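Descriptive analysis of the structure
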Amino acid sequence: AAEKKDEESLFVSLMRSMELRGDVFSQRYLQDFLNGALLLFWLGHEEAADEAMQNCLKLYSRDSVPQGREAALEAYVRYALNSHKPQKAEQMADELLAKAPEHVMALVVKMRSSLEDGNRAQAQDYARRVQRLSPDASAPYRAAAQILAVDPNRPGEYKEPAGPK
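Predicted model only: the values in this text are computed from it and were never measured.

So, on to the overall build of the protein. Assigned secondary structure in the protein consists of eight helices and zero strands. Reading the secondary structure of the protein in the N-to-C direction produces α-α-α-α-α-α-α-α. Per-residue burial over the protein gives 41% buried out of 165 residues. For the protein, the proportion of contacts with a sequence separation of at least 24, taken over those separated by at least 6, is 50%. Just so you have it, the protein exposes about 9600 Å², and 51% of that area is on carbon and sulfur atoms.

Now the structure itself:
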């Protein structure tokens, strides 16, 4: 137990040093931010992980970073999906979809959030859009297929998957 606590303390220090180091606006740094936040989340520090992603969004939203906000929004969406908490990124998904209506990962956030909210019909609408835009073997396509699958507890509710791409 003490060893885990030491690793967690070291990790928190590493994340803080990452925030302070140079090369901030590279793709690698943004990916490190995402990976670090996910590790914090998996170590049980959800609040710290959320804060790290909020800091990432603020950092990349500066005017001096062309398309930095969009990249950080996408990283936040990926964080929410990988932590199985899509509702954390609903606002970010809305912002991405306003600029790019066919942004698959943002649509997946909306799809999963709708399902969690109990709005199966809306989730299915998003799922059809995801399937139309995604390669057949991709994770988003498979997630959408699960939502569109026949539910034996809801007879008569099945709708065909999206048509040809």
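Put simply, helix α5 (residues 90–99) and helix α6 (residues 104–116) touch, their axes get as near as 8 Å, and they point 135° apart. Classified by the interaxial angle, the pair formed by α5 and α6 is oblique. For the pair α5 and α6, the crossing hand works out as left-handed. In contact with Glu 90, Ala 93, Asp 94, Leu 96 and Leu 97 of α5, α6 contributes Ala 106, Leu 107, Val 109, Lys 110 and Ser 113. By residue class, the composition of the contact of α5 with α6 is six nonpolar, one polar and three charged.

What follows deals with α5. For an α-helix the count is 3.6 residues per turn, leaving residues at separations of three or four pointing the same way. Along α5, the residues that are buried comprise Met 92, Ala 93, Leu 96 and Leu 97. Angular distribution of buried residues about the axis of α5 spans 135°; they occupy a single face of the element. Turned more than 90 degrees away from the buried face of α5, the exposed residues are Gln 91, Ala 98 and Lys 99. In this fold, the buried residues of α5 make contact with α3 (46–60), α4 (68–82) and α6.

Summed over the entire model, instances satisfying the criterion amount to three aromatic pairs. Between Tyr 29 and Phe 33, the aromatic rings sit 5.7 Å apart at their centres with planes inclined by 80°, giving edge-to-face as the arrangement. Pair noted here: Tyr 29 and Phe 33 are both in helix α2 (residues 27–42), with a separation of four residues, about one helical turn. An angle of 90° between the planes, with centres 6.4 Å apart, marks the rings of Phe 41 and Tyr 79 as edge-to-face. You can see Phe 41 sitting in helix α2 and its partner Tyr 79 sitting in helix α4, a full 38 residues away along the chain. Both residues of the pair, Phe 41 and Tyr 79, count as buried.

Cut-offs and rules
- Residues numbered from 1 in each chain as written.
- Predicted model: local features only at pLDDT ≥ 70, side-chain atom pairs only at ≥ 80, totals over all residues.
- Heavy atoms only, no water.
- Helix = DSSP H or I, 4+ residues; strand = E, 2+ residues; numbered from the N terminus.
- Buried < 20%, exposed > 50% of the residue type's maximum accessible area, 1.4 Å probe, protein only.
- Contact = heavy atoms within 4.5 Å.
- Areas by Shrake-Rupley, 256 points an atom, 1.4 Å probe, with all protein chains shown as cover.
- Axes fitted to C-alpha atoms, helices over the stretch in contact; angles between N-to-C directions.
- Parallel < 35°, antiparallel > 145°, perpendicular 65-115°, else oblique.
- Left-handed = near helix turned anticlockwise from the far one by under 90°.
- Nonpolar A, V, L, I, M, F, W, Y, C, P; charged D, E, K, R; others polar.
- Arc of directions from axis to C-beta.
- Phe/Tyr/Trp six-rings, centres within 6.5 Å; stacked < 30°, edge-to-face > 60°.

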